[in-house]
Amino acid sequence: MPPVRSALTAILGPTNTGKTHLAVERMCAHSSGMIGFPLRLLAREIYDRVVAIKGVQNVALITGEERIEPPQARWYCCTVESMPIQKEFAFVAIDEAQLGADPERGHIFTDRILHARGREETMILGSESLRPIIRALLPDAEIISRPRFSTLSYAGAKKLSRLPKRSAIVAFSIEQVYAVAETLRRMRGGAAVVMGALSPRTRNAQVAMFQSGEVDYLVATDAIGMGLNLDVAHVAFVSLSKFDGSRRRRLTVAEMAQIAGRAGRHQRDGSFGTLAGEGSEFTPEEVLAIEGHSFPRLDWLYWREAKPRFNDIATLIADLEKKPHRSGLLPAPKVIDLLVLKRLAEMQDVNALIRHPVDVARMWEVACLPDFRQMGEEHHSRFVASLWQYLGQNDRVIPQGVYASELARLDNIQGDVDTLSARIAAVRTWTYIAHRSDWLTNPPAMAERARALEEKLSDALHDALRQRFVDKRTSMLLRKNATEIGLLPVEIQADTHVLVDGEDIGTLQGFSFRVDPTAKASDRKLLLAAAERHLAAYLRQKAKDVSMAEDSEFSLAADGEGKPAIFWQGEILGALTKGRTLMQPAFSPVKAVAGLEGDALREITTRAESWIAAQLAKAMGGIVGLLELAQQADIDGNVRALAVRLADEGGIAGRHFLADAIAALPKEARGAARKGGIVFGALDIYHHAALKPAAAKWRAALFAARDNRAMPELPPESAVHLKAWNFGSASEARNAGYRRIGDEYVRIDLAERVIKKAHEARGQGNLFGMDMAFATSLGISENGLKALMRDAGFRPAEQAPEPQPQTETEVVAETVSETTEIVATESSPAPEADFAEVTATDEFEAHAPEAAAPLTAEPQAVILTHWRWVGLPKPRPPEHRQPRAKPQRQASPATGKPKAKPERAPLAAKQSTPPSSLALQLAALKGLKL
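Residues numbered from 1 in each chain as written. Predicted model: local features only at pLDDT ≥ 70, side-chain atom pairs only at ≥ 80, totals over all residues. Heavy atoms only, no water.

**Describing the overall build of the chain**
Counting its secondary structure elements, the chain contains 34 helices and 35 strands. If you take every contact in the chain between residues at least 6 apart in sequence, the share linking residues at least 24 apart comes to 69%. (Helix = DSSP H or I, 4+ residues; strand = E, 2+ residues; numbered from the N terminus. Contact = heavy atoms within 4.5 Å.)

**Comments concerning the environment of Asp111**
For Asp111, the position within the fold is in helix α3 (residues 106-115). Taking C-alpha positions, Asp111 is 10.0 Å from Glu81, a pair spaced 30 residues apart along the chain. Once residues lying within four places of it in the same chain are set aside, the contact partners of Asp111 are Ala116 and Ala306.

**Regarding the side chain of Arg699**
With respect to the helices and strands, Arg699 occurs in helix α26 (residues 693-707). Under the relative-accessibility criterion, Arg699 is labelled buried at 1%. Among the polar contacts made by the side chain of Arg699, one reaches the main-chain carbonyl oxygen of Ala690 at a distance of 2.8 Å. Ignoring any residue separated from it by four or fewer positions in sequence, one finds Arg699 in contact with Met620, Glu649, Gly650, Ile652, Ala690, Asn735 and Gly737. (Buried < 20%, exposed > 50% of the residue type's maximum accessible area, 1.4 Å probe, protein only. Polar contact = N/O pair within 3.5 Å; in protein donor to acceptor, adjacent residues only side chain to side chain.)

**Quick word on the sheet that holds strand β29 (residues 684-687)**
Within the open sheet, the 3 strands sit side by side as β27-β29-β28. Their pairing is antiparallel. Single-partner strands in this sheet number two, and they are β27 (652-654) and β28 (678-680). Looking at each pair of strands side by side, their axes are set apart by 15° on average, direction ignored. (Pairing = 2+ DSSP bridges. Axes fitted to C-alpha atoms, helices over the stretch in contact; angles between N-to-C directions.)

**A closer look at the nonpolar core**
Counting residues in hydrophobic clusters, the biggest one holds 67 residues, and the most contacted among them are Ile169, Leu341, Leu344, Tyr403, Trp430 and Ile433. Sorting elements by how many residues they give to this core places helix α16 (residues 443-469) first, with 10 residues. In this structure Ile433 touches Leu369, Leu387, Ile398, Tyr403, Trp439 and Leu440, once residues within four positions along its chain are discounted. Membership of the second largest hydrophobic core comes to 56 residues, among which are Val593, Ala619, Ile635 and Ala653. (Core = buried A, V, L, I, M, F, W, Y, C linked by side-chain atoms within 4.5 Å.)

**Observations concerning the environment of Arg699**
C-alpha of Arg699 to C-alpha of Met583: the two residues are 116 residues apart in sequence and 9.2 Å apart in space. One polar contact links the side chain of Arg699 to the main-chain carbonyl oxygen of Gly650, over a distance of 3.1 Å. In terms of polar contacts, Arg699 uses its side chain to reach the backbone carbonyl oxygen of Asn735, at 2.6 Å.

**Things to note about the packing of aromatic side chains**
Evaluated as defined, the whole model comprises 16 aromatic pairs. Grouped by ring-pair contacts, the aromatic residues Tyr154, Phe237, Phe272 and Phe282 constitute a single cluster. Cation over ring: Arg373 sits above Phe383, and NZ or CZ is 4.2 Å from the ring centre. Its guanidinium or amino end placed over the ring of Phe774, Lys757 lies 5.3 Å from that ring's centre, counting from NZ or CZ. (Phe/Tyr/Trp six-rings, centres within 6.5 Å; stacked < 30°, edge-to-face > 60°. Lys NZ or Arg CZ within 6 Å of the ring centre and 35° of its normal.)

**What to know about the pairing of strand β32 (residues 744-747)**
Burial along β32 is two-sided: Glu744 and Val746 facing one way and Tyr745 and Arg747 facing the other are all buried. Inspection of the sheet shows strand β30 (residues 721-722) paired to β32 by 2 bridges, in the antiparallel sense. Opposite Leu722, over in β32, you have Tyr745 as the bridge partner. As paired strands, strand β31 (residues 738-741) and β32 are joined by 4 bridges and run antiparallel to one another. Across the sheet, Arg740 pairs through a bridge with Tyr745, a residue of β32. The antiparallel hairpin formed by β31 and β32 contains 2 residues in its connecting segment, where Gly742 sits at a positive phi of about 70°.

**Re the confidence of the model for the chain**
Summing up the model confidence of the chain, the mean pLDDT is 81 and the portion of residues at 70 or higher is 80%. Below a pLDDT of 50 lies the segment residues 835-860, which in the model reaches 33 contacts outside its immediate sequence neighbourhood of four places, other chains included. Within the model, the stretch residues 890-912 combines pLDDT values under 50 with 12 contacts to residues more than four positions away or in other chains. (pLDDT = per-residue confidence, 0-100.)

**So, the packing of helix α15 (residues 417-434) against α16**
At a closest axis distance of 9 Å, the pairing of α15 and α16 adopts a crossing angle of 160°. One element, α15, and the other, α16, form an angle in the roughly antiparallel class. In the crossing of α15 with α16, the sense of the turn from one axis to the other is left-handed. (Parallel < 35°, antiparallel > 145°, perpendicular 65-115°, else oblique. Left-handed = near helix turned anticlockwise from the far one by under 90°.)

**A few points about the pattern of salt bridges**
Using the criterion set out here, one finds 55 salt bridges in the structure. In this structure, Arg436 engages Glu365 in a salt bridge whose closest nitrogen and oxygen atoms are separated by 3.4 Å. On the criterion of sequence distance, the pair formed by Arg436 in the loop between α15 and α16 and Glu365 in helix α12 (residues 357-367) is long-range, its members being 71 residues apart. Classification of Arg436 by relative accessible area gives partly exposed; the value is 25%. Across the pair Asp749 and Arg747 runs a salt bridge whose closest N-O atoms are separated by 2.9 Å. With relative accessibility at 1%, the residue Asp749 sits in the buried group. Through salt bridges with shared partners, a single network forms among Arg40, Arg44, Asp48, Glu65, Glu66, Arg428 and Glu454. (Salt bridge = Lys/Arg side-chain N within 4 Å of Asp/Glu carboxyl O.)

Next up, the structure:
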């Protein structure tokens, strides 16, 4: 069969014409094919697309840093520099052929345009500006124009804060890219970043964020203009000039159009413009040219000898610098590989290893190593020279240990974006080396290690870019409208963190939402609004759970300010506040609960109030009993009055405080008072149930709520004696059930027991000895005991007096009545204390078994302490308690000196009263003389 004539076609047109898509379709229609792309990223993108059509075993990817070439591969996606032109393919295409005018890489594109041919079809893809040079260099080529699918229009300059969604912002330096991305993070939740130096894995991960809508903005270098298929609606230029390696210049209209043309997709229109405030503006001529796709025509392309001679280094350099002999071609500027070759030629240790043309060819291969790290001519030349020391002698390979150690040095995912980018660039260099089959002893294994390390670093770089330039939480909240965001899933974690669509927006403390403290001030309203939309249904259900909760789920405790509050499962519902009476406090819901809707708020309030009432009835039974006693009509009015006053004091009051009520209480009515639970102590009057721990806790809360103050800290429930403790006041100690004795505290009922024992030991005498073993067993110190006894009307005595004959008065007092008052100056007798009250003793034994338990140790000798009864000061009505005025001395008119006090008259002798007949009879019975 006659050979099939190869068809040569040039597909020219602006961006967004589907040229690359057409080439891929044509390649897949042939039995084999190859397309050369300008970027590694684009080659990888098309490779993935072809693999989906032909299968991974049939498609190859060859770039400088990546080589996937199955044995039976028939369709190749390559960078232009890596195209295996020695192979034969049915179809060959060159993408972005207008890059033949690029100073650094143009000669490679020109060589492929002139020499790369498919057996059946060859296709050259490029901009309309290529028409004249294609016509001049390839007169037989069929030129087909492809119109743009959509309209591209100029949108003027826009502030970064007013850029529409799905915008790409193009900068021409890493510093500009970072600055814009940082600003977008603060204002719009972040941006994806695409740069030519990124690995395909990082670039794909960044583009995926933009394509999926996770972020609405893309910040990129001019790499975006090279055929990357992105869903971009608007392209904004940060600047219209760039540094091209030798100087800073303004972009050409073709370059502007190439980048701006990324806006719009298929039949969807796009727009372009500049970033306001950056000082760059399009001229009217440039706008017209870009919108009309009218660009200056290319009349030349850069060219360099593709097959130089390798006789020696001088011949090689001469051929590489040779001028073209064909019109439309210009000699390529001195690019990095030729500059490195010249520097190597000047190094003696390099030249010493060149003995044959094969060595020259090999050194040229080494000099063509791309400068991925952008080190510059000098540093890159030294690096290449170090490699040549291995590749130019001995085994002519790089030792595996050297290669492995270099990868190990780079195997570190710690660092910022720039550090990780630098490591990836270094790994790309070693990956390129691994894909040279004759540079290593085991290239596939080393290439796999380099690939794995690049992927590892790429993932770390993507994470670093995302962490630095993306606020996912803000982005999620901004990109959703109110309807959509309300449908996002909400999750309340065990640690109370609230996640919306997987993003942590804050914590839920009870019914109160707390914004994440790391959130920016500008985001707080967004987060609160999101919480309000998402948590409303959750909080309604939570309120229903509160209304149906068991009593055991509620508790009384201090809130953040120390004030009494009601908690449900450890979450605060509200505070106790002053009510109509001490036993009727009000429940005030916290702000978060008060902000709930009507039914939810009502359910929580009703349940909390019912729990409070139940707990008061249970814990404050003593006060309830006093109030019930006060309502009994058949009880003496004085008893009822005493019950009311004692209830107002929480069930405990100092005896001196109720002295008037006790004095008015008839002796025959005290039985009813005792029957109602009132204990008449020597120092304190209390209801026997008021000393229980639960009562003490609620009493502290009720008084704190009434007085709008913090709850005092209460001692342990089992404590009967306190040393290292300090109540704020005597009333706080009394409410807790304790009496202060010096610097110590003892429980009120136990203090009364000590006083009772003292009166039992005293009998009817004033001087007596007493065994204080019981007081000592409670832990009361000697000073504390003295303070307690002093408060009870006793004073220490040196020793017990000798028994003396009793006087008539003492005999009468002892015999007639045990309650006869013993007269003392400015003193009253011991108060009638209900020492026989069983309840107090029972409580003591329940809460302090160690104190009440009988001693099992070996009996010890009883040591008596001696005391003197002096009596308690007589309580005075408050209206009679007036400060005693100091007498003022009057000055003598003559001397001005104060007058002397008049001498007091001597006290009259107390006349003794003759004994009564009853006294005489009693004395006679006892054998006494009066």
